[in-house]
Amino acid sequence: MEGEKIEKKPYDAKEAEPRMYALWEESGFFNPDNLPKKSGKPFAVFLPLPNITGNLHMGHALNAAVTDILIRYHRMKGFDTVWFPGTDHAGIAAQNVVEKELKKEDTTRHKLGREAFMARVWEWKQKYGDIIMGQFKTMGASFDISRTRFTLDPAYAEAVADAFVHYHKQDLLYRAYRTINWCTRCATGISDLEVDYKEEEGVLYYLKYGPFTVATSRPETKFGDTALAVNPADERYKKYIGTEVEITTLDTAEEGKTVTVRLPVVGDEAADMVFGTGIIKVTPAHDIADFEIGERHKLPMLQVIDARGKMMNAGRFDGLKASEAREKVVAELRTAGLVEREEKYTRNLAVCSRCSTAIEPLPSRQWFLKMERLAKATLGALEKGETNIVPQNFAAPYKAWLENTRDWCVSRQLWWGHRLPVWFCKGNPVEQRVFGSATDWVERNYVVVKEKPEICPICRQCSMEQTEDVCDTWFSSALWPFAGLSHGDIKRFYPSQVLITARDIINLWVGRMVFSGLEFMKGVPFKDVFIHGTVLTKDGKRMSKSLGTGIDPLTLVEKYGADATRFGIVWQAMGTQDIRFDEAAVVAGRKFANKIYNAARFVMGRVGTAPSVQIDMSKASAADVLVLGRADETKKAVEAHLTVYEFGQALHALYDFFWHDYCDVYIEEAKNSPSSETDAVLYALLIGSLKLLHPFMPFVTESVWQELPNKEKSLLMVAEW
RNA sequence: GCGCGCAUAGCUCAGUGGUAGAGCGUUUCAUUGACAUUGAAAAGGUCCCAAGUUCGAUCCUUGGUGCGCGCACCA
């Protein structure tokens, strides 16, 4: 009311935010089925499955903020909008976390047993699954909680089993005995993409191998050598190809003695003429490249390191850890005069991406998904523009991976995950020999079917036994855009419009979702892939818990409010650039929220209880025309920026307009221009600004909207854009 | 080794083939007026270096330097 003093107070985010979220949830509008009018135009986004292993970090906060902007924007534009939330059981990662807990209690999963251990992981899941979803809500995420899925839900698990059986029927999935990446700590095989490399100072030993000298960093594997390889074009060694050479090596039975063994020499392109001496000792059982040489030349595999990383088949070295064996072997080789020289060098040590333990390549029976056809289809979708990667420069590495990828090892020797739908015959099993690989191996008879067969179709009498192996987590998360969804939702919302994610899982997850979608849904799962930046510390370091450089977004919410936190992140999210996160931007966000709140209070006080938004342009002043023009430009700029995922740019445009054009200039002038025309412009622009700002700062805008004297609809969240 | 990104104010970053911008910080002024979580103003920049294209380059090209990242079976 005129003359009445407006109470002096700053915006209280802490009070308003939970209240607004409750209002939204009560409305049910996060669920597109409840929207007042349905347009038939879908807009769907799938939340990139957060792991149940921890709390929200800045990467999640950025992802949630930009996704929520798009979701709210499209909802206001009248799309049938849905954001699918959910969590990932995160097989190896979750199992590790719980194992760490057990270690504190001085026990292990083996002591607990499978059942009890699984119960513990489920307990963990209940707790952290809820926590992480709650944290997304705190950030204002307007996802449809009624559509929450978890990758181990029964319906989801069924889809995983279906996929496995399907691939097997299609002859894309096979079991093989191969040298794979094995983590001795996690006690499971892992895929190529789960291997990290870290530089390590090592020694390159030049060992005497009969007439040759061979460079190796792993002398302890020499007992597993089954050949030597040279490049077929190498003039130095060409003449040896196809012959056998005599090698003097350590006797594994008696210390101080040497024995002579014979090794064939093969010609293989893998031998680099300029590295070392140009000769490779081929150990197919303990090196993946060597395994491949072995495949090409039908070499036998001789395993000398077991699944715990200890020596085997190596006589008196048996039971030693590989690293201990190395020292011992080198010492003895020196004594025997079999070491020509030693060279320091840095090598890329393969480590488990989950626990950083050195990978031990080992021969193991695993399930593999043939990648050739699937990768080709994925490349096709990329080339035809069915999937569009933003920014484009991430398409090149994605392509390179698809063009070169090996078959995917999808089985894991874990407990936490989807058991494979593989059933072994146990009564009177007929063993079969499997040929066609480097080694012949004995395989139990099995069938691949979703449900346990009533009676074994092989021996016709046993009750079958399910494999202990589980699926790679990424095999199940690859099905995320459709697994466990209702037919109705698939029909309406597949494919989704955009996948918003970080660059580190482009191959691990995005590529695999695309080929899964192509295989099972006959179409890509999303049209655009937007790769947002990585949130770094202010001095450009990676945020990491262990380094203590992480910032908890919830601490920021606590201090400044969720709107301010969203503002702070998005303010710095320029295009797809990495963000050196500066808390000052969150402070600016809090100030901006306060500005919105106070400008609104001023305008409401000024325009009274029955404001008009009718603007008669013929009576408009120069100031009116100017500010209305700027408003229009701003709206267009926001829309243009959002269509190309330029969130920071959009927010900067809004900030400039609202603070400077609307508040500093127009409102200040309006104080000297008490006309009803000005009132109409003031009020119309307030309404308009709240709408434009809502996707970015949903809480403060909604709470102001709730105070408007003549709000047209109950919620700003579903107001017309 | 191959590839990608970045380099602009004290800090974090926008931006443009022609006088260089924001947020935060700094300095000065303004106070019972929506907001001091404010307003007005100011200081502060060899736009990494070099060459080239151009009437004109911070922007385009090439080379270099520095930082970050991805990929790779170098035994």
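Not measured: the values here are computed from a predicted model. (Residues numbered from 1 in each chain as written. Chains lettered and ligands numbered in written order. Predicted model: local features only at pLDDT ≥ 70, side-chain atom pairs only at ≥ 80, totals over all residues. Heavy atoms only, no water.)

A.B. asks: What's the story with the pattern of salt bridges in this structure? I'm lost.
C.D. replies: Note on pairing: side chains with opposite charge can pair once their charged atoms come close. Inspection of every chain in the model, using the stated rule, returns 50 salt bridges. Residue lysine 376 is joined to glutamate 372 by a salt bridge in which the shortest nitrogen-to-oxygen separation is 3.9 Å. Here the residue lysine 376 and the residue glutamate 372 both occupy positions in helix H9 (residues 372–383), the gap between them amounting to four residues, near one helical turn. This pair shows no difference in class: lysine 376 is exposed, exactly as glutamate 372 is. Measuring nitrogen to oxygen at the nearest pair gives 2.9 Å for the salt bridge that ties glutamate 633 to arginine 630. In this pair, glutamate 633 and arginine 630 are both assigned in helix H17 (residues 622–643), three residues apart and thus about one turn of the helix distant. Through salt bridges with shared partners, a single network forms among Asp33, Asp144, Arg147, Asp489 and Arg492. (Salt bridge = Lys/Arg side-chain N within 4 Å of Asp/Glu carboxyl O. Helix = DSSP H or I, 4+ residues; strand = E, 2+ residues; numbered from the N terminus. Buried < 20%, exposed > 50% of the residue type's maximum accessible area, 1.4 Å probe, protein only.)

A.B. asks: Explanation requested: the packing of aromatic side chains in the structure shown.
C.D. replies: The description of an aromatic ring pair uses the distance of the two centres, along with the angle that the planes make with each other. The tally for this structure, following the rule as stated, stands at 44 aromatic pairs. Plain terms: the ring middles of phenylalanine 212 and tyrosine 240 are 4.6 Å apart, the flat faces sit at 80° to each other, and that makes the pair edge-to-face. With phenylalanine 212 in strand S8 (residues 212–216) and tyrosine 240 in the loop between strand S9 (227–230) and strand S10 (244–250), the pair connects residues that are 28 residues apart, well separated along the chain. The partly exposed category is assigned to tyrosine 240, whose relative accessible area is 22%. Sitting over the face of the ring of phenylalanine 79, lysine 41 holds its NZ or CZ atom 4.5 Å from the ring centroid. Positioned above the aromatic ring of phenylalanine 150, the side-chain terminus of lysine 125 is 4.2 Å from the ring centre. (Phe/Tyr/Trp six-rings, centres within 6.5 Å; stacked < 30°, edge-to-face > 60°. Lys NZ or Arg CZ within 6 Å of the ring centre and 35° of its normal.)

A.B. asks: Would you mind showing me how to read the protein's contact with RNA strand B here?
C.D. replies: By nearness alone, 43 residues border RNA strand B, and Asn348, Lys538, Arg580, Lys591 and Trp659 come closest of all. Those atoms of RNA strand B that come within 4 Å of the protein belong to sugar or phosphate at a rate of 66%. Backbone polar atom of alanine 599 to a base nitrogen of RNA strand B: 3.2 Å apart, as the coordinates give it. Put simply, the parts of the chain that give the surface near RNA strand B at least two residues each are strand S12 (279–282), strand S13 (339–352), helix H16 (583–607) and helix H18 (647–670). Across the surface near RNA strand B, the residue classes break down as 19 nonpolar, nine polar and 15 charged. (Near = heavy atom within 4 Å. Polar contact = N/O pair within 3.5 Å; in protein donor to acceptor, adjacent residues only side chain to side chain. Nonpolar A, V, L, I, M, F, W, Y, C, P; charged D, E, K, R; others polar.)

A.B. asks: Sorry, what's going on with the nonpolar core here?
C.D. replies: Where a protein is soluble and globular, its nonpolar side chains tend to be buried together. Membership of the largest hydrophobic core comes to 101 residues, with the highest contact counts inside it found for Phe136, Phe581, Phe592, Phe647, Phe658, Tyr662 and Phe696. Examining the composition of this core, we find that 13 residues originate from one element, H18, more than from any other. In this structure, this core is formed jointly by two domains, domain 1 (2–7 + 578–718) and domain 2 (13–149 + 474–558), each of which donates at least three residues. Grouped together as the second largest cluster of nonpolar side chains are 57 residues, Val160, Leu379, Ala381 and Phe424 included. (Core = buried A, V, L, I, M, F, W, Y, C linked by side-chain atoms within 4.5 Å. Domains from an automatic or database assignment.)

A.B. asks: Would you mind showing me how to read the domain arrangement of chain A here?
C.D. replies: In many analyses, interface size is given as the accessible surface area lost on bringing the parts together. Taken domain by domain, chain A comprises domain 1 (2–7 + 578–718), domain 2 (13–149 + 474–558), domain 3 (162–175 + 364–473) and domain 4 (188–352). Its C-alpha centre places domain 1 at a distance of 32 Å from the equivalent point of domain 2. Opposite the 24 residues of domain 1 that make contact, domain 2 presents 40 residues. Around 3,000 Å² of area is buried between domain 1 and domain 2 when both sides are counted, 75% of it from carbon and sulfur atoms. The largest share of the area that domain 1 buries against domain 2 comes from Tyr645, Phe699 and Met717, three residues that together contribute 26% of it. For the pair domain 1 and domain 2, the number of links is three salt bridges. Across the pair lysine 538 and aspartate 582 runs a salt bridge whose closest N-O atoms are separated by 3.8 Å. The interface formed by domain 1 and domain 2 contains eight residue pairs in polar contact (both at pLDDT 80 or more). For the side of domain 1 that touches domain 2, the secondary structure elements donating two or more residues are strand S27 (579–580), H16, H17 and helix H20 (698–705). Residue contributions to the side of domain 1 that touches domain 2 peak at four residues, all from H20. Looking at the side of domain 1 that touches domain 2, its residues break down into 14 nonpolar, three polar and seven charged. (Contact = heavy atoms within 4.5 Å. Buried area = accessible area lost by both parts, 1.4 Å probe.)

A.B. asks: What am I meant to see in the sheet that holds strand S7 (residues 195–209) here?
C.D. replies: With respect to topology, three strands assemble into an open sheet ordered S8-S7-S13, the strand pairing being antiparallel. Edge positions in the open sheet fall to S8 and S13, since each of these has one partner strand only. Adjacent strand axes in the sheet meet at a mean angle of 20° when their direction is disregarded. Two strands pair when backbone bridges link them, and S7 and S13 are joined in this way by 13 bridges, in the antiparallel orientation. (Pairing = 2+ DSSP bridges. Axes fitted to C-alpha atoms, helices over the stretch in contact; angles between N-to-C directions.)

A.B. asks: What's the story with the packing of H17 against helix H19 (residues 676–693) in this structure? I'm lost.
C.D. replies: In a packed pair of helices, the relevant descriptors are the angle between the two axes and the axis-to-axis distance. Remark: H17 packs on H19, axes separated minimally by 11 Å, with the N-to-C direction vectors making an angle of 10°. The orientation of H17 relative to H19 falls into the category roughly parallel. Considering the relative orientation of H17 and H19, their crossing is left-handed. Of the residues in H19, those in contact with Asp624, Val627, Leu628, Ala631 and Lys635 of H17 are Glu677, Val681, Leu685 and Leu692. When the residues that make up the contact of H17 with H19 are grouped by side-chain class, the tally is six nonpolar, no polar and three charged. (Parallel < 35°, antiparallel > 145°, perpendicular 65-115°, else oblique. Left-handed = near helix turned anticlockwise from the far one by under 90°.)

A.B. asks: Explain empty space enclosed by the protein here, please?
C.D. replies: Over the atoms a probe the size of a water molecule is rolled, and this reveals where empty space is left. Counted by the stated rule, this structure contains two cavities of 30 Å³ or more. Lining the largest cavity, in full, are Ala623, Leu626, Val627, Asp661, Val665, Tyr666 and Glu669. Residue assignment for the lining of the largest cavity shows that the elements contributing at least two residues are H17 and H18. Looking at the lining of the largest cavity element by element, the count peaks at four residues for H18. Taken as a whole, the second largest cavity encloses approximately 30 Å³ of empty space. Every residue lining the second largest cavity is listed: Leu62, Val66, Phe530, His532, Gly533, Ala573, Gly575, Gln577 and Phe647. (1 Å grid on protein atoms, 1.4 Å probe; cavity = no way out; pocket = protein on both sides within 12 Å on 5 of 7 lines; lining within 4 Å. Points joined across faces, edges and corners; volume = space filled by probe spheres on them.)

A.B. asks: Hey, could you run me through the packing of helix H14 (residues 553–560) against H16 in this one?
C.D. replies: Where H14 contacts H16, the axes come no closer than 10 Å and their chain directions differ by 35°. The element H14 and its partner H16 pack so that their crossing is right-handed. Residue-level contacts link Leu556, Lys559 and Tyr560 of H14 to Glu583, Val586, Val587 and Arg590 of H16. Its residues placed into classes, the contact of H14 with H16 shows four nonpolar, no polar and three charged.

A.B. asks: What is the right way to read the side chain of histidine 532 from this model?
C.D. replies: Along the chain, the position of histidine 532 falls in the loop between strand S25 (526–531) and strand S26 (535–536). Among residues more than four places away in sequence, those in contact with histidine 532 are Gly59, Leu62, Asn63, Ile500, Thr501, Ala502 and Thr576.

A.B. asks: Even after reading the chapter, I still don't get the sheet that holds strand S15 (residues 388–390), so can you show me in this structure?
C.D. replies: For sheets, the rule is that strands pair by backbone hydrogen bonds, running either parallel or antiparallel. Strand order across the open sheet formed by three strands is S15-S25-S24, with parallel pairing between neighbours. Looking at which strands have only one partner, the edges of the open sheet turn out to be S15 and strand S24 (496–501). The average undirected angle you get between the axes of adjacent strands in this sheet is 20°. Note that S15 and S25 share three bridges and pair parallel. Bridging across to S25, asparagine 388 finds its partner in aspartate 528.

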